[in-house]
Amino acid sequence: MTAVNEVEEAVKRINSHKGVLGVLIINNEGIPIKTTLENAETVQHAALITHFARKARAVVTALDPTNELTFLRVRSKSHEIMIAPDKDYTLVVLQNPA
C-alpha cells in the first residue's frame, strides 16, 4: 500500500467514528492538503488552527525549552477540536463533544 493510500484509509477510518464532523490535514504554511470539510470551512479552519497551533507551540517551548507540543485538544459547548502537529503536517479532527 502506498503512503497516499495509507493516508486516505486513515482519514476514512477517523471520519467514520461516531461524532466526527470532519478531518483536515494541513501543511506548515496552513495550506489544506486533505479535507473532508466544505471548501469555505476548510480554508477558515486551516488558517485559524495553524495560527493557534503555532501560538500553543510557542507557549510550551517558552515554559520549557526542552519540551514540545505533541497534541492539543480544545473543547467548547458545540465542538471539540483535536490537533496533532508534526514536523511537516498537522492533523485536525473536528467532532461533537458528547
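Residues numbered from 1 in each chain as written. Predicted model: local features only at pLDDT ≥ 70, side-chain atom pairs only at ≥ 80, totals over all residues. Heavy atoms only, no water.

In the annotation of an unreviewed UniProt entry, the entry for the protein chain reads Dynein light chain roadblock, and the organism field reads Micromonas pusilla. Here the protein chain is described in UniProt, under the heading Subcellular location (unreviewed entry), as follows: "Cytoplasm, Cytoskeleton". Looking at the protein chain in UniProt, the text filed under Sequence similarities (unreviewed entry) is "Belongs to the GAMAD family." (UniProt positions renumbered as here; feature names shortened; annotations may be inferred.)

Peer 1: Sorry, what's going on with the overall build of the protein chain here?
Peer 2: Of the regular secondary structure elements, the protein chain holds 2 helices and 5 strands. Along the protein chain, helices and strands appear, N-terminal first, in the series α-β-β-α-β-β-β. The globule rule puts the C-alpha radius of gyration for 98 residues at 13 Å, and the 14 Å found for the protein chain is close to it. Along the longest, intermediate and shortest principal axes, the C-alpha atoms of the protein chain span 35 × 35 × 25 Å. By sequence separation, contacts in the protein chain at least 24 residues apart represent 35% of the contacts at least 6 residues apart. When the accessible surface of the protein chain is totalled, it reaches about 6800 Å², and 56% of it is carbon and sulfur. Distance from the positive charge centre (11 side chains) to the negative charge centre (11 side chains) of the protein chain: 7 Å. (Helix = DSSP H or I, 4+ residues; strand = E, 2+ residues; numbered from the N terminus. Rg over C-alpha atoms; globule rule 2.2 N^0.38 Å. Contact = heavy atoms within 4.5 Å. Areas by Shrake-Rupley, 256 points an atom, 1.4 Å probe, with all protein chains shown as cover. Lys, Arg positive; Asp, Glu negative; His and termini not counted. Charge placed at Lys NZ, Arg CZ, Asp CG, Glu CD.)

Peer 1: Even after reading the chapter, I still don't get the UniProt feature "domain: Roadblock/LAMTOR2" (unreviewed entry) in the protein chain, so can you show me in this structure?
Peer 2: The UniProt feature table records "domain: Roadblock/LAMTOR2" (unreviewed entry) at residues 7–95. Between the first and last C-alpha atoms of residues 7–95 the distance is 19 Å; the span itself is 38% helix and 33% strand.

Peer 1: It is not clear to me how helix 2 (residues 39–63) should be interpreted in this structure. Could you clarify?
Peer 2: Between the first and last C-alpha of helix 2 there are 36 Å, a value that for 25 residues agrees with the 36 Å anticipated at 1.5 Å per step. Against strand 1 (20–27), strand 2 (32–35), strand 3 (72–75), strand 4 (80–85) and strand 5 (89–95) lie the buried residues of helix 2. (Expected span 1.5 Å × (residues − 1).)

Peer 1: Got a minute to help me understand the environment of Leu94 in this structure?
Peer 2: Position of Leu94 among the secondary structure elements: in strand 5. Among the residues examined, Leu94 registers a relative accessible area of 6% and is labelled buried. When the C-alpha positions of Leu94 and Leu21 are compared, they lie 5.3 Å apart, and in sequence the two are 73 residues distant. Look past the residues within four positions of Leu94 in its chain and what remains in contact with it is Gly19, Val20, Leu21, Gly22, Leu37, His45, Glu80 and Ile81. (Buried < 20%, exposed > 50% of the residue type's maximum accessible area, 1.4 Å probe, protein only.)

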